[in-house]
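# Structural overview
One-letter residues, chain by chain:
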Amino acid sequence: MLTIGNKTFNSRLFLGTGKYPDFDTQKQAVDVSEADILTFSVRRMNIFEPSQPNFLEKLDVEKYSLLPNTAGAKTAEEAVRTAKLANASGLCDMIKVEVIGDDKTLLPDPTETLKATEELVQEGYTVLPYTSDDVVLAQRLEEIGAHAVMPGASPIGSGQGILNELNLSLITELLTVPVIVDAGIGSPKDVVTAMELGADGVLLNSAVAKASKPVKMAEAMKLAVQAGQLGYEAGRIPKKRYAAASSPAEGMSV
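Throughout what follows, the structure given in this document is the object of discussion. It should be emphasised that the depicted structure is a prediction, and the values quoted were computed from it without experimental measurement.

This brings us to the pattern of salt bridges. Counting across every chain of the model gives nine salt bridges. With a shortest N-O distance of 3.8 Å, Glu77 and Arg81 are connected by a salt bridge. Of this pair, Glu77 and Arg81 both sit in helix H2 (residues 76-88), four residues apart, which is roughly one turn of the helix. Judged by its relative accessible area of 58%, Glu77 falls in the exposed class. Of the charged contacts, one joins Lys84 and Glu123 as a salt bridge, the two residues approaching to 3.4 Å between their closest N and O atoms. Of this pair, Lys84 sits in helix H2 while Glu123 sits in the loop between helix H3 (110-122) and strand S7 (126-131), and the two are 39 residues apart along the sequence. You can call Glu123 partly exposed: its relative accessible area is 40%.

Here we take up the nonpolar core. Ranked by internal contacts, the top residues of the largest apolar core, which has 42 residues, are Phe14, Ile185, Val191 and Leu204. Among the elements that line this core, the one with the most residues is helix H8 (residues 214-234), at four residues. Apart from the residues lying within four places of it in its own chain, the contact partners of Leu204 are Leu13, Phe14, Leu15, Gly16, Ile185, Val191 and Met221. Counting 13 residues, the second-largest nonpolar core is a separate cluster that includes Ile95, Val97, Val99 and Val127.

What follows concerns H3. The periodicity of an α-helix, 3.6 residues per turn, causes residues three or four places apart in sequence to face the same way. Spanning 13 residues, H3 covers 18 Å between terminal C-alpha atoms, matching the ideal 18 Å at 1.5 Å per step. Looking only at H3, the buried set comprises Glu112, Thr113, Ala116, Thr117, Leu120 and Val121. Down the axis of H3, the sector holding all buried residues measures 160°, keeping them to one side. Looking at the packing, one finds that the buried side of H3 touches H2, strand S6 (94-97), S7 and helix H4 (135-143). Count one or two residues on from H3 and you reach Gly124, which has phi positive near 95°.

This paragraph deals with H2. In a regular helix each residue adds 1.5 Å, so 13 residues correspond to 18 Å; H2 covers 18 Å between its end C-alpha atoms and thus fits that length. Among all positions in H2, only Ala76, Ala79, Val80, Thr82, Ala83 and Ala86 are buried. One side of H2 carries all its buried residues, which in axial view fall inside an arc of 165°. Turned more than 90 degrees from where H2 packs its buried face, Glu77 and Ala88 sit exposed. Against strand S5 (65-69), S6 and H3 lie the buried residues of H2. Positive backbone phi, approximately 80°, marks Gly90, located one or two places after H2.

What counts, and where the lines are drawn
- Residues numbered from 1 in each chain as written.
- Predicted model: local features only at pLDDT ≥ 70, side-chain atom pairs only at ≥ 80, totals over all residues.
- Heavy atoms only, no water.
- Salt bridge = Lys/Arg side-chain N within 4 Å of Asp/Glu carboxyl O.
- Helix = DSSP H or I, 4+ residues; strand = E, 2+ residues; numbered from the N terminus.
- Buried < 20%, exposed > 50% of the residue type's maximum accessible area, 1.4 Å probe, protein only.
- Core = buried A, V, L, I, M, F, W, Y, C linked by side-chain atoms within 4.5 Å.
- Contact = heavy atoms within 4.5 Å.
- Expected span 1.5 Å × (residues − 1).
- Arc of directions from axis to C-beta.

Laid out in structure tokens, this is it:
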């Protein structure tokens, strides 16, 4: 079980709900993924206008925990305002803090992320900040009360996979709150790697929604999370420079 704040979840796969070719594909992908947590941008929803299209309308949202994010915010003030808007709509008291510092790379702004996280924690939200793979920054976010930390594997939507395994492994080693690898995942291989590095979960959207066959990819990502988690718990064999025979030589006849 994955525990974040006072909530527990069976699945360690967090799935985004945007960018799908249509609502039916989205629903099928979400269903087959067996994800417990769905994330979405508050700014993309007409949450106070029922007559407007709602990209969650095909989903039975009562079955899931919703994780609204503050995508589009460029300051802590904007992120906090967006979080309060989501909370006022009654969607969830969990919030993914996302404060972008650069329009080209879409990398997070570290100082504004810290400010927004601290303020929302103090106001009683369950806060999951999206951050870079900076080890010290991840520690600071934990120190100010973040309930989970979400370091990016690579730039948002890039599909480059994990660019810095060392930093991610250090973050998972040093933090006590859950570490959810977020952004840049491209394939099930990336998911397995993240989990084998000790991550507590993986959040992805484009890797499924933009795949040639989103529903099949959603299932592949589900299985990759499970395989990576089991592999991490089992403990891999150490790497050796030279070969080692699989069968013992003792007791063999000449």
